[in-house]
Number of protein chains: 2
Amino acid sequence: MKYFTGTDQGLDLRQVNSAVEQAFADHGRGLVQMPPKTYVTLPQGDFRTMPAYLPSLNIAGVKVVNVHPDNPSRGLPTVMAITVLLDVATGKPEAVINATRLTDMRTGAAGAVAAKYLSPKKEIVMGVIGTGRQAQAQVRATAQELAIREMKVWSRNHVHAEKFCTMFRETECRCARAEQACDCDVLVTTTPSRQPIVSDEWVHEGTHINAIGADAPGKEELDPAILSRASVFVDDIVQAVHSGEINVPIKNGLFKEADIAGTLGEVVIGRKKRRRPGEITVFDSTGLAIQDLAIAKIAMHHGTAIVLPFP
Amino acid sequence: MKYFTGTDQGLDLRQVNSAVEQAFADHGRGLVQMPPKTYVTLPQGDFRTMPAYLPSLNIAGVKVVNVHPDNPSRGLPTVMAITVLLDVATGKPEAVINATRLTDMRTGAAGAVAAKYLSPKKEIVMGVIGTGRQAQAQVRATAQELAIREMKVWSRNHVHAEKFCTMFRETECRCARAEQACDCDVLVTTTPSRQPIVSDEWVHEGTHINAIGADAPGKEELDPAILSRASVFVDDIVQAVHSGEINVPIKNGLFKEADIAGTLGEVVIGRKKRRRPGEITVFDSTGLAIQDLAIAKIAMHHGTAIVLPFP
């Protein structure tokens, strides 16, 4: 067994997008095993357990990931993760992987795959709501698939938005009011909000939205009226209903499971798609264990490996 | 973060029993969080993911454990396990533990706790059906709680039964036909059988049975008629119905969830008990994540620790 850390260093984002896209394709074809992630609540946060088996990549394992919002005040990331990979043939633990950075990247990759298939254009103006690690990951991954002509960035804290733009000097990037940021081709929301931040009237026809932030019951970023006039795609129906952008509107009777247009996997394999230029499309991302396995498989060729005695 | 291996060396079995007993008590009082274990099927076996949080021990984490019946032919154990422990306050991974041997021991401890409370006597004749690692663990753990006056051991392979007895020279131990082994005070069954091995007519009144082997859908070791005349206690109702000794009889309409007499946790806290000397009691063990956390907490003070960089 080996422990891997620093595996995000030198990863080819294009390769990551491609592996995650393949995982979604397998999901769309019903070829993966992936029980819904389980939540355990701790006094100051929670942790989630995400097992899966991806036959096409011959990879099986589990990611364990926490969400502790007060961690930054202790000098720790809000989200940290470990992935355990098992040998498919024998079940023997093969690798333990520091998956904290990989978690950001695989979520970025899901957004990139969604934008690749659902964006109204190949050259886009990107709206960015929220400027944390995940916003950066979304932009970096999406830049592999689409040409980002301009970014309009909003953060609760103006300084954070300015700092964000300094990270992407190669792209025209400016701080904006939330309303301005939403006037774009591809909008990405990555906040931990429990109240809609994006108003219905700010979103024009033809926009694609990657709704990334909502990943637990009670979280939402979009005015539910947006969902009513959009085609809403999800990563996984069970998880999205439980903890995705649609979870609160469903509880409030403003959206129904039957309103879901399809899964990203179905989009990738061509079974579902954007139907007209003026359509608003939403990708509701909750994060799938198969994304973690797909990136883990690549990550093991990077970073530092420490050999551990087992069994 | 640290990796721990060889942690079973020098563990005090009495201390393990006590920690597992406390975990069951907390379970009986409804003080733990423990989503049912999830199963992922692989071509030659499966793996199970077992998250939990035990507030009284201030411990949270996940065990990942496989079952691959053909592994011995490859020189690997059928069952191997890794436990990941998280810091409760921050969710940070604190420890990765080689839990292969610990899995045997914590299951042994559950049997010992059940026998301590449900055995008809303090000095017992023990019947042993199956002679693998788990049978050994059951005997060693139970010997901490009850005086084993005599063991009668059955294995499909007579040589295995003889070898088993040589491991317990301090106890009177002899190979027996299955029928003879069942004539005892405490019977423990630890086979991977998918057909009942123990006939109803072999089990006399007053026997306590630890039914350990059945831990997945389709497995069973006892004639369902035994369950009908016994008080059946389980470790966890959801898991037992899904994958314990009662799973097949329930599917076949020979046992009902409502027939369950209670949980081991309820027995430990005194809410449920053996009611009369002639009662047959059965403990249906599927294995709980809280047992794994309880033993992990102790195990970290033993064996070898390797410091791993994280995050």
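Rules and cut-offs
Residues numbered from 1 in each chain as written. Chains lettered and ligands numbered in written order. Predicted model: local features only at pLDDT ≥ 70, side-chain atom pairs only at ≥ 80, totals over all residues. Heavy atoms only, no water. Helix = DSSP H or I, 4+ residues; strand = E, 2+ residues; numbered from the N terminus. Rg over C-alpha atoms; globule rule 2.2 N^0.38 Å. Buried < 20%, exposed > 50% of the residue type's maximum accessible area, 1.4 Å probe, protein only. Contact = heavy atoms within 4.5 Å. Lys, Arg positive; Asp, Glu negative; His and termini not counted. Charge placed at Lys NZ, Arg CZ, Asp CG, Glu CD. Salt bridge = Lys/Arg side-chain N within 4 Å of Asp/Glu carboxyl O. Expected span 1.5 Å × (residues − 1). Polar contact = N/O pair within 3.5 Å; in protein donor to acceptor, adjacent residues only side chain to side chain. Buried area = accessible area lost by both parts, 1.4 Å probe. Nonpolar A, V, L, I, M, F, W, Y, C, P; charged D, E, K, R; others polar. Pairing = 2+ DSSP bridges. Right-handed = clockwise from strand over helix to strand, strands pointing away. Axes fitted to C-alpha atoms, helices over the stretch in contact; angles between N-to-C directions.

Caption draft 1: View of the overall build of chain A. Within chain A one finds 10 helices and 15 strands. Over its C-alpha trace chain A gives a radius of gyration of 18 Å, about what one expects of a compact globule, namely 19 Å for 311 residues. Across its three principal directions, the C-alpha atoms of chain A cover 60 × 40 × 40 Å. Across the 311 residues of chain A, 64% fall into the buried class. Pairs at least 24 apart in sequence give 69% of the contacts found in chain A among residues at least 6 apart. Across chain A, the centroid of the 34 positively charged side chains sits 3 Å from that of the 34 negatively charged ones.

Caption draft 2: Structural view of the environment of A135(B). Residues and elements named next belong to chain B. By secondary structure assignment, the location of A135 is in helix α3 (residues 133-142). Remark: the alpha-carbon pair of A135 and T191, spanning 56 residues in sequence, is separated by 8.7 Å. Among all residues touching A135, those that are not within four sequence positions of it are V128, G130, F164 and T190.

Caption draft 3: Structural context of the pattern of salt bridges. All names here are of chain A. The tally for this structure, following the rule as stated, stands at 30 salt bridges over all chains. For R48, the salt bridge is made with D215, and the minimal N-O distance between the two is 3.2 Å. Of this pair, R48 sits in strand β3 (residues 45-54) while D215 sits in the loop between β11 (208-211) and α6 (224-229), and the two are 167 residues apart along the sequence. For R48, a relative accessible area of 3% gives the class buried. For D215, a relative accessible area of 16% translates into the label buried. For K121, the salt bridge is made with D185, and the minimal N-O distance between the two is 3.1 Å. A residue pair is termed long-range when its members are at least 10 positions apart, and K121 in the loop between α2 (100-118) and β7 (123-129) and D185 in the loop between α5 (178-181) and β10 (186-189) qualify at 64 residues. K121 sits in the partly exposed class, given a relative accessible area of 41%.

Caption draft 4: Focus on helix α1 (residues 13-28) of chain A. Residues and elements named next belong to chain A. The terminal C-alpha atoms of α1, which comprises 16 residues, lie 22 Å apart, in line with the 22 Å expected from a rise of 1.5 Å per residue. Along α1, the positions that sit buried rather than exposed are V16, N17, A19, V20, E21, A23, F24, A25, D26, H27 and G28. Where α1 begins, the side chain of D12 points an oxygen toward the backbone nitrogen of R14, at a separation of 2.8 Å. After α1 finishes, the residue G30 shows a positive phi value of roughly 75 degrees.

Caption draft 5: Just the interface of chain B and chain A, in detail. Taken together, the contacts link 46 residues of chain B with 46 residues of chain A. Where chain B abuts chain A, roughly 3700 Å² becomes buried across the two surfaces, and 75% of that area is made up of carbon and sulfur atoms. Here chain B is connected to chain A by 14 residue pairs in polar contact (both at pLDDT 80 or more). Only β1 (2-5), β2 (38-42), β3 (45-54), β4 (59-67), β5 (81-86) and β6 (93-98) of chain B provide two or more residues apiece to the side of chain B that touches chain A. In the side of chain B that touches chain A, the residues fall into 30 nonpolar, 14 polar and 2 charged.

Caption draft 6: Examining the pairing of strand β7 (residues 123-129) of chain B more closely. Residues and elements named next belong to chain B. Among the 7 residues of β7, 6 are classified as buried, and the element is accordingly described as predominantly covered. In this structure, β7 lies alongside strand β8 (residues 147-154), joined through 7 bridges in parallel fashion. The partner of V125 across the bridge, within β8, is E150. Taking the sense of rotation as the criterion, the β-α-β connection linking β7, α3 and β8 turns out right-handed.

Caption draft 7: Quick look at the sheet that holds strand β1 (residues 2-5) of chain A. Residues and elements named next belong to chain A. Reading across from one edge, β2-β3-β4-β5-β6-β1-β15 is the order of the 7 strands in this open sheet, with mixed pairing throughout. This sheet does not close on itself; its edge strands, each paired only once, are β2 (38-42) and β15 (304-307). Each neighbouring strand pair of the sheet contributes to a mean axis angle of 20 degrees, computed without reference to strand direction. Bridge analysis of strand β4 (residues 59-67) against strand β5 (residues 81-86) gives 6 bridges, and the strand direction is antiparallel. Counted as the bridge partner of G61 is L85 from β5. The sheet strands contacting α2 are β3, β4, β5 and β6 (93-98), and the helix crosses β6 at an angle near 85 degrees. Running at roughly 70 degrees to β3, helix α10 (residues 289-299) makes contact with β3, β4, β5 and β6 of the sheet.

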